[in-house]
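Working through the structure, step by step
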Amino acid sequence: MSDTLKIESVPISRRDSFNARDQHTRALKPFNSGDIKILLLENVSQKAVDILKKAGYQVEFHTKALDKATLIEKIKDVHVVGIRSKTKLTQEVLSHANKLITIGCFCIGTNQVDLNYAASRGICVFNSPFSNSRSVAELVIAEIILLARQLGDRSREMHDGVWNKVSKNCYEIRGKTLGIIGYGHIGTQLGVLAESLGMHVIWYDILPLMPIGMSTAIESLDELLAEADYVSCHVPETPETKNMIGERELALMKPGSYLINASRGTVVDIEALAAALKSGHLAGAAVDVYPSEPLANGPGFESPLRGCPNMLLTPHIGGSTEEAQRMIGIEVATAITKFVNSGASINAVNFAECDLRAIPSTDLTTVRIVNVHQNVPGVLRQINNILADYNVNKQISDSKGDVAYFMADVTVDDPKDINTIYEHITAINENIITRVLF
């Protein structure tokens, strides 16, 4: 057992740990879990692959999503799975994940994962909600200009051999009003870019937020729709945002205005949007997300929006830039590595966020206990009773919904006691997952 307690040290930085006082800190690793196996799907960034391999993990990489049967078979034996938006990690799939401890969503959204069920199995989910903000904002700016000049239609006509030089209903965007629905990271960046092009920016959000630049908050969605020349949606997928732009809302928009949706496919009523375009009430629209999207590239995409005038259709590419994917890869892979090696759940989607300051490299007898349990009274008392005979250097516990997360650094002089602690905590009825890191 003593041979397994080989300690490595790494240079410390503020990103690696908070409140650390030693020049070096211990590089923790999992105890009694064998080699960490990682399944990466959907062609996640090579930077993420490099980070995870450098951490010493076994990485299996696939450029595409797997069919459900193959996914269920593969997920049985891995500790980590990394996905983008096409892979669906449902309760059925996750019920076969006997070793899984964390999921990395290399994208913004996490609606492709059953978050509550994952938490109930002790599976921590990470995503990258902000890394592609600039890429999405730039796409929307491009679409505003394309719509204003009807460039989508002109390009298609030229490919068909038709020369159609017109200026009617083609405009500059300078001096026009952009209405942003959802003033988060993407919305704020979009506003800054739009102002730099001479647009007037208004926005609506359900939260009281500080405006950036010369932008103006609007009190209601209806008011924004009536005032804006261009409306761009940047809201999450929730029951409240489903079809938030429907027939009624489209009718409130100014005649000759434009709608852009690069948020979630359920936000806009597609049938109603097609009708508004064909009637001429809207002068154009750009859509990057859809209620139902193909699982793979290739023919077969169907939508009522196909063939509508001045309609820009893109295949969910808002965040699909080399820069965004690289940043997403770094953020999510780093979060995975920290969770696997040190138990840190900072920025987790479905877990309480917990972390402990790093263990000094000179301390060779401290192990870290990481435990996920049902959030019911009495569990912490049982855990602390088990640890009562040892020196607990520090501990933290927090909960989110029905699941609680506990971390403790414990001095263990005899390596044999590590197994004793592990076995006693896992024997608690409410235990979900217990790991020992050293």
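All figures in this text were calculated on a predicted structure; none of them were measured in a lab. (Residues numbered from 1 in each chain as written. Predicted model: local features only at pLDDT ≥ 70, side-chain atom pairs only at ≥ 80, totals over all residues. Heavy atoms only, no water.)

1. Observations concerning the side chain of R368
Within the element layout of this structure, R368 appears in strand 16 (residues 366-374). Look at R368 and you get buried, because its relative accessible area is 2%. Only 3.1 Å separates the side chain of R368 from the backbone oxygen of R357, close enough to count as a polar contact. (Helix = DSSP H or I, 4+ residues; strand = E, 2+ residues; numbered from the N terminus. Buried < 20%, exposed > 50% of the residue type's maximum accessible area, 1.4 Å probe, protein only. Polar contact = N/O pair within 3.5 Å; in protein donor to acceptor, adjacent residues only side chain to side chain.)

2. Quick notes on helix 6 (residues 151-159)
Among the residues of helix 6, those classed as buried are D153, R154 and E157. Buried residues in helix 6, looked at end-on, bunch into an arc of 100°, giving them a common side. Looking at the buried residues of helix 6, the elements they touch are strand 15 (311-313). With its phi angle positive at about 85°, G161 sits one or two positions after the end of helix 6. (Arc of directions from axis to C-beta. Contact = heavy atoms within 4.5 Å.)

3. Overview of the sheet that holds strand 13 (residues 257-261)
If you trace the seven strands from one edge of the open sheet to the other, you get 11-10-9-12-13-14-15, paired in parallel fashion. The open sheet has two free edges, formed respectively by strand 11 (216-217) and strand 15, since each of these has just one partner strand. Inspection of the sheet shows strand 10 (residues 200-204) paired to strand 11 by two bridges, in the parallel sense. Looking across to strand 11, one finds that I202 is bridged to T216. Across the sheet, helix 5 (residues 133-148) is in contact with strand 9 (177-181), strand 12 (230-233), strand 13, strand 14 (282-287) and strand 15; its angle to strand 13 comes to roughly 150°. (Pairing = 2+ DSSP bridges. Axes fitted to C-alpha atoms, helices over the stretch in contact; angles between N-to-C directions.)

4. Considering the packing of aromatic side chains
Following the criterion strictly, the structure yields seven aromatic pairs and no others. Aromatic pair Y183 and W203: ring centres 4.0 Å apart, planes at 5°, arrangement stacked. With Y183 in the loop between strand 9 and helix 7 (185-196) and W203 in strand 10, this pair connects stretches of sequence that are 20 residues apart. For the pair formed by Y183 and W203, the shared burial category is buried. (Phe/Tyr/Trp six-rings, centres within 6.5 Å; stacked < 30°, edge-to-face > 60°.)

5. Digging into the state of the cysteines
Enumeration according to the criterion identifies zero disulfides in this entry. The structure places no disulfide on C233, whose sulfur is separated from the nearest cysteine sulfur, that of C308, by 17 Å. (Disulfide = S-S within 2.5 Å.)

6. Comments concerning the pairing of strand 13
Here strand 13 lies mainly inside the structure; five of its five residues are buried. The alternating pattern of strand 13 places S257, L259 and N261 and Y258 and I260 on opposite faces, both of which are buried. In this sheet, strand 13 lies alongside strand 12 in parallel orientation, the contact comprising four bridges. By the bridge assignment for strand 13, Y230 is matched with Y258. One crossover worth recording links strand 12 to the parallel strand 13 by way of helix 9 (residues 247-252), and it is right-handed. For strand 13 and strand 14, the ladder comprises five bridges, and the chain directions are parallel. Counterpart to L259 in the pairing with strand 14 is A285. Taken together, strand 13, helix 10 (residues 270-278) and strand 14 form a β-α-β motif whose crossover is right-handed. (Right-handed = clockwise from strand over helix to strand, strands pointing away.)

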